[in-house]
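Spelled out, the chains give:
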Amino acid sequence: MRIERVRLRNYRQYRDVSFAYPATREHDLHLIVGDNGLGKTNLMNAMCWCLYGRERYLSEQNAGLPVAHCGREGLPADYSVSVEVGLSWSADGESMTGVFERQDGDRSVFRWIVPSATGTESYVGAEAMKHVERFIPEAMKDYFFFDGEKLQQYLFEHSGNSVRQALFFLSKVTLIETVLEHMKSLEVDLQKKAAKGDPNTEALVSQKEGISTELRTDNAELLLAEKEKETAFQERERYARIVHGHEDAVELAKKQELLESQLGPGEATERDATLVAQAAMYRVALLLYSREAVTKFNAILEEKESLRQLPPPIEASVVQRMLDDAQCICERKLPERSPERAAIEALKRQVLTNSALGDAVRPIRGGASALFMGLARDVGAWRTARNHLDTIRQFNIQRRAELREIKEALYKHDLATVREAQRKHDEFADVFVKATERIGYLKGKIEDANGDLLRKQNEIEAANSKKQIVVQLRRELDLLKRAIACLEKARHDRIQLMRRCVESDFKTTFMDLMWQKDLYKDAYLDDSYGIHVVHLSGSEALATMAEGEKQCAAVAFTLALHEVAGYPGPIVVDFPFGRTNGQMKENMAQVFLDVSRRRQVILFVLKDEYQSVAHLLDPELASKHALAGRSGETTAEVIE
Amino acid sequence: MRLGFPMFFEIDESDERIYKDSGVFPPAAGDRPGVLKPNNAEKFLLAMAYGFHNHARLKLSKRDSAGFARTEYIHEEGEALIDAIATIETGSLETILDAKRVVTVVEEYAHGGVTLLGQRAAQAPRGTLMEEIELELLDQLEQGVLADADPAG
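Each chain has its residues counted from 1, running along the sequence as written. Chain letters start at A and ligand numbers start at 1, both assigned in the order the entries are written. Where local features are concerned, this predicted model is filtered to residues with pLDDT of at least 70; where side-chain atom pairs are given and counted, the filter is 80 or more; whole-chain, interface and lining totals use all residues. In computing side-chain properties, one takes all heavy atoms of the structure into account and sets aside hydrogens as well as water.

**Some details on the overall build of chain A**
- Strands are runs of DSSP state E lasting at least 2 residues, helices are runs of H or I lasting at least 4, and numbering of each runs from the N terminus. If you tally the helices and strands in chain A, you get 17 helices and 14 strands.
- When burial is assessed residue by residue, chain A has 45% of its 640 residues classed as buried.
- Throughout, a contact is declared for two residues whenever any of their heavy atoms are within 4.5 Å. Taking the intrachain contacts of chain A between residues at least 6 apart in sequence as the baseline, contacts between residues at least 24 apart amount to 71%.
- Using a 1.4 Å probe, the Shrake-Rupley method yields the accessible areas, and only the shown protein chains count as cover for residues. Split by element, the accessible area of chain A, about 33100 Å² in all, is 52% carbon and sulfur. Accessible area is worked out with a 1.4 Å probe on protein chains only. A residue is then buried under 20% of its type maximum, exposed over 50%, and partly exposed in between.

**Regarding the overall build of chain B**
- A tally of regular secondary structure across chain B gives five helices and two strands.
- Helices and strands in chain B line up, N terminus first, as β-α-α-β-α-α-α.
- Counting every position in chain B, which comprises 153 residues, the buried fraction comes to 51%.
- In chain B, 77% of the contacts between residues at least 6 apart in sequence involve partners at least 24 apart.
- Accessible surface, chain B: about 7600 Å² in total, of which carbon and sulfur atoms supply 50%.

**Here we look at the pairing of strand E12 (residues 601-605) of chain A**
All names here are of chain A.
- For E12, the tally of buried residues reaches five of five residues, placing the bulk of the element in the interior.
- Here, a strand pair is defined by DSSP locating no fewer than two bridges between the strands. Taken together, the five bridges between strand E3 (residues 29-33) and E12 define a ladder with parallel strand orientation. The residue of E12 that forms the bridge with Leu31 is Leu603.
- Two strands pair when backbone bridges link them, and strand E11 (residues 571-574) and E12 are joined in this way by four bridges, in the parallel orientation. Within the sheet, the bridge partner assigned to Val572 lies in E12 and is Ile602.

**Thoughts on the packing of aromatic side chains**
- Aromatic contacts are taken between Phe, Tyr and Trp rings whose centres are within 6.5 Å, Trp giving its six-membered ring; a plane angle under 30 degrees counts as stacked, one over 60 as edge-to-face, and the others as tilted. Summed over all chains, the structure comprises 19 aromatic pairs over all chains.
- On the basis of an interplanar angle of 5° and a centroid distance of 4.8 Å, the ring pair of Phe9 of chain B and Phe44 of chain B is categorised as stacked. Taken together, the residues Phe9 of chain B in strand E1 (residues 8-9) and Phe44 of chain B in helix H2 (residues 40-53) connect sequence positions 35 residues apart. Residues Phe9 of chain B and Phe44 of chain B agree in their burial class; the two are buried.
- Grouping aromatic residues by their ring pairs yields a cluster made of Trp89, Phe100, Phe110, Trp112 and Phe135 of chain A.
- When the NZ atom of lysine or the CZ atom of arginine is within 6 Å of a ring's centre and also within 35 degrees of its normal, the charge is said to sit over that ring. Against the face of Trp382 of chain A rests Arg386 of chain A, its NZ or CZ located 5.9 Å from the ring centre.

**Some points on the pairing of strand E10 (residues 531-535) of chain A**
Residues and elements named next belong to chain A.
- Among the five residues of E10, four are classified as buried, and the element is accordingly described as predominantly covered.
- Across five bridges, strand E9 (residues 520-525) lies against E10 in antiparallel orientation. Paired with Asp522 across the bridge in E10 is Val534.
- Linking E9 to E10, which pair antiparallel, is a turn of five residues; within it Tyr529 sits at a positive phi near 70°.

**A look at the confidence of the model for chain A**
- On a range of 0 to 100, pLDDT expresses the predictor's confidence in each residue. Within chain A, residue pLDDT values average 83, and 92% of them lie at 70 or more.
- When pLDDT is averaged over each element of chain A, E3 of chain A comes out on top at 93 and helix H4 (residues 151-157) of chain A at the bottom at 61.

**Regarding helix H7 (residues 199-243) of chain A**
- To estimate the expected span of a helix, count its residues, drop one, and scale the result by 1.5 Å. The terminal C-alpha atoms of H7 of chain A, which comprises 45 residues, lie 64 Å apart, in line with the 66 Å expected from a rise of 1.5 Å per residue.
- Following H7 of chain A by one or two positions, Gly245 of chain A has its phi on the positive side, about 90°.

**Some remarks on the interface of chain A and chain B**
- On the chain B side, the residues contacting the 41 residues of chain A number 41 residues.
- Summed over both sides, the interface between chain A and chain B buries roughly 4100 Å², with carbon and sulfur atoms accounting for 77% of that surface.
- Summed over both partners, the accessible area lost on bringing two parts together, with a 1.4 Å probe, is the buried area. It is Tyr282, Leu288 and Tyr289 of chain A in chain A that bury the most area against chain B; as a group they hold 20% of the surface buried on that side.
- Definition used for salt bridges: Asp or Glu carboxyl oxygen within 4 Å of a side-chain nitrogen of Lys or Arg. Taken together, chain A and chain B are joined by three salt bridges.
- The salt bridge involving Glu134 of chain B is made with Arg386 of chain A; its shortest N-O contact spans 3.1 Å.
- A 3.5 Å cut-off defines polar contacts: any pair of N or O atoms within that distance qualifies, except that in protein one atom must be a possible hydrogen donor and the other a possible acceptor, and neighbouring residues in sequence count only when both atoms are side-chain atoms. In this structure, the connection of chain A to chain B is made through three residue pairs in polar contact (both at pLDDT 80 or more).
- Elements supplying a minimum of two residues to the side of chain A that touches chain B: helix H8 (247-306), helix H10 (339-373) and helix H11 (375-410) of chain A.
- Ranked by residues supplied to the side of chain A that touches chain B, first place goes to H8 of chain A with 22 residues.

**Points about the nonpolar core**
- We define a nonpolar core as any set of buried Ala, Val, Leu, Ile, Met, Phe, Trp, Tyr and Cys residues linked to one another through side-chain atoms lying within 4.5 Å. Ranked by internal contacts, the top residues of the largest apolar core, which has 98 residues, are Phe19, Met47, Leu87, Phe100, Phe145, Phe506 and Phe510 of chain A.
- Discounting chain neighbours no more than four positions away, the residues touching Phe19 of chain A are Glu4, Arg5, Val6, Leu8, Tyr14, Ile32, Leu43, His625, Leu627 and Ala636 of chain A.

**Thoughts on the state of the cysteines**
- Disulfide: a pair of cysteine sulfur atoms within 2.5 Å of each other. Applying the stated rule across the entire model yields zero disulfides over all chains.
- Unpaired in terms of disulfides, Cys328 of chain A finds its nearest cysteine sulfur in Cys330 of chain A, a separation of 3.4 Å.

**Looking at the environment of Ala277 of chain A**
Residues and elements named next belong to chain A.
- The residue Ala277 is located in helix H8 in this model.
- Considering only alpha carbons, one finds Ala277 and Thr384, 107 residues apart in sequence, at a separation of 8.3 Å.
- Here Ala277 is in contact with Trp382, Ala385, Arg386 and Leu389, once residues within four sequence places are set aside.

**Looking at helix H4 (residues 99-123) of chain B**
- Between its first and last C-alpha, H4 of chain B extends 36 Å over 25 residues, near the 36 Å set by a 1.5 Å rise per residue.
- Burial runs high along H4 of chain B: 18 of the 25 residues are buried.

**Some points on the pattern of salt bridges**
- Evaluation of the coordinates by the stated rule reveals 48 salt bridges over all chains.
- Of the charged contacts in the structure, one is a salt bridge between Arg438 of chain A and Glu221 of chain A, with a shortest N-O distance of 1.9 Å. A residue pair is termed long-range when its members are at least 10 positions apart, and Arg438 of chain A in helix H12 (residues 415-464) and Glu221 of chain A in helix H7 qualify at 217 residues.
- Notably, a salt bridge pairs Lys20 of chain B with Glu16 of chain B, separated by 2.9 Å at the nearest N-O pair. Of this pair, Lys20 of chain B and Glu16 of chain B both sit in helix H1 (residues 15-21), four residues apart, which is roughly one turn of the helix.

**Things to note about the packing of helix H6 (residues 173-195) of chain A against H12 of chain A**
All names here are of chain A.
- A fitted line through C-alpha atoms serves as each axis, taken over the contacting stretch for helices, and the angle formed by two N-to-C directions is quoted from 0 to 180°. One can describe the packing of H6 onto H12 by two numbers: an axis separation of 10 Å at closest approach and a directional angle of 40°. In terms of their interaxial angle, H6 and H12 are classed as oblique. The crossing of H6 and H12 is left-handed. Across the interface between the two elements, Glu187, Gln191, Ala194 and Ala195 of H6 pack against Gln457, Ile460 and Asn464 of H12.
- Only Asp, Glu, Lys and Arg are considered charged in this grouping, and only Ala, Val, Leu, Ile, Met, Phe, Trp, Tyr, Cys and Pro are considered nonpolar; every other residue, Gly among them, is considered polar. Residues of the contact of H6 with H12, tallied by class, amount to three nonpolar, three polar and one charged. If an angle is under 35 degrees, it is roughly parallel; if it is over 145, roughly antiparallel; if it lies from 65 to 115, roughly perpendicular; otherwise it is oblique. Working rule for handedness: look at the near helix, and if it is turned counterclockwise from the far one by less than a right angle, call the crossing left-handed; if clockwise, right-handed.

**Here we look at the packing of H8 of chain A against H10 of chain A**
Residues and elements named next belong to chain A.
- Two elements in contact, H8 and H10, have axes separated by 10 Å at closest approach and are oriented at 140°. The angle between the axes of H8 and H10 places the two elements in the oblique class. The way H8 lies across H10 gives a crossing that is left-handed. Residues Arg283, Leu287, Arg291, Val294, Phe297, Leu301 and Glu305 of H8 lie in contact with H10, whose contacting residues are Val361, Ile364, Arg365, Ala368, Leu371 and Phe372.
- Here the contact of H8 with H10 is built from residues that sort into nine nonpolar, no polar and four charged.

**Quick notes on unusual backbone geometry**
Residues and elements named next belong to chain A.
- One non-glycine residue, Glu331, adopts positive backbone phi at about 70°.
- Among the secondary structure elements, Glu331 is positioned in the loop between helix H9 (316-325) and H10.
- Among the residues examined, Glu331 registers a relative accessible area of 60% and is labelled exposed.
- The phi angle at Arg337 is positive, at roughly 60°, despite the residue not being glycine.
- Note on Arg337: relative accessible area 84%, which makes it exposed.

Structure below.
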């Protein structure tokens, strides 16, 4: 089964280009050489688009561009163009020879065209899709068309479950399982027939049927859970790769959020503490600024007191009585308008003033002394308030400095993307854990149900053993049982054989590819179909291997799968040498060369990337195309 | 309220902006529970004391007739300061019996004090006047002024 020709019309940078892949040499190896941007990956996309309607390997920058070829000037708004990609296939059987053709534009159509006695015969839409499944099933396309640059991702994204699925599918175990399922339902029908008329046995059969139905539901749910687990695993790893190198940023962002949430209240506390410290300072300031006035005031008071003016030495009432009696206390008469009386009247005014002063001074003296008696306490309160404020300020200054540092550190990260990726990563990690738990629960339940099923089966057989009808059906039932047992054994053997063969092929190819042969001592598949590479020291090495080595492991595994499955599809690889170089690259070229003896291999390579292995591949190539570009259009030239 | 005192001490119209917006005193807005800010009477007393301390007595050129500091909010200790300043300024203890004269003296010292503070606020980098005043006060305390009253001194 091989691709004879690919024809592209108005597909992205291709206006009208054909690639023929003739099987004229011992090696069915074909090469497309071109610089970056000339459409190597898009040629693989075109093949996928033709077969499955999706461009699996489209780069992000090309995703927004129209599929239709538009040249350098772009498409005018009113211009519609028909995009066509055709894939011609040939195989040993005539029914496998024909052309898949997909068109888009004025009308969209997908068809499989095969030669017939009357000319050609066409299958369109879903009918044509059925034929695609005979060539390269969509579920398996990643093992036939792959991007060498991302090979190591394949290795990690494809968990044991997907490896098992691929293995089962390619090795027809899935087919055996379908036949087994049919036979088992046939067995139930026969048992029903045998139990007819006997309520007890009918009840047993019905119970068994109930268990079987539940078992089927649980099995289906288990498959879904495994798929969910696998998807969650892949997505978790994908987001982990985005977050990788930005882990600090995520932590810093969390810290930034925390600091920012603390800074608001911290600043409010600082403002409050500032006000408290200011209030304490105002009080001290008031006392210090007025201290001189109070001191002088006290001196004046003391002087007055020493002159016995405060309080007055004589009471105003005594002076008043002298004036009323017109006689001094020395019994001298005080006639009206006499100088003596005027002197006594002046004395009275003086005494009254001094009395009023004495009354007014009393609270002033009390207030001033209270004010200065509290000064020590006020200064202490101010110092405490200042210290408290300083502590808060220092804390806030430190927090602001920390925030500034974090912001500077975060500047280089695309934080929104990293945060979103981290959120998604955590989300899928959660789904992964839940799916794992669900799988464990379902497996236990299925095991119990299988036990129940076996017991019911035995009970039914015991109940039916003496019935006449069973004797008649015995032969049919026995035959069916033997067939089921045989198929189950075949299934088990096939799986075991497949696993051993894949494991062995994987190990051989991987070791062939490695240039330091003695660095790894083993490569194997575990019971859950997980891929492992063992370092010479005995430790697991897959995660710590160099990128080029991981790519080699991925290629080795994919090729092993192909070899063992016996599936005859071609292998199409973009950027096949990945990040390998030196001896490892030559080994990789040699492996592709070996594979191309048994199946078609189409490689898309960069001119520079290819040069170092050209001496190995050029003499054996069945075809070689060089891509060239002008005005946004790619052309292809066959190089002899 | 002291007998003979008006309901309010008055300020010059130019003083209001200094009391409110110069950064000398905390703004009135944004009060938070439990955090007391000085009222107008306390601000007035501080301005008066600052004016007296710096010998800055200034006649009010245009009175703000709306009044500024309610005299009933002046506590007994504040009244003692007012009387002491009025006495020292006039050189006569009897001044304290003349409420009108006392009011004139303290309003003019408050006007002088707040004008000086306004000028300092205008010259100092924004927000640093309080720190300057704080340092001056600390200096005074450290120089032994009121050493007996300062627990740290």
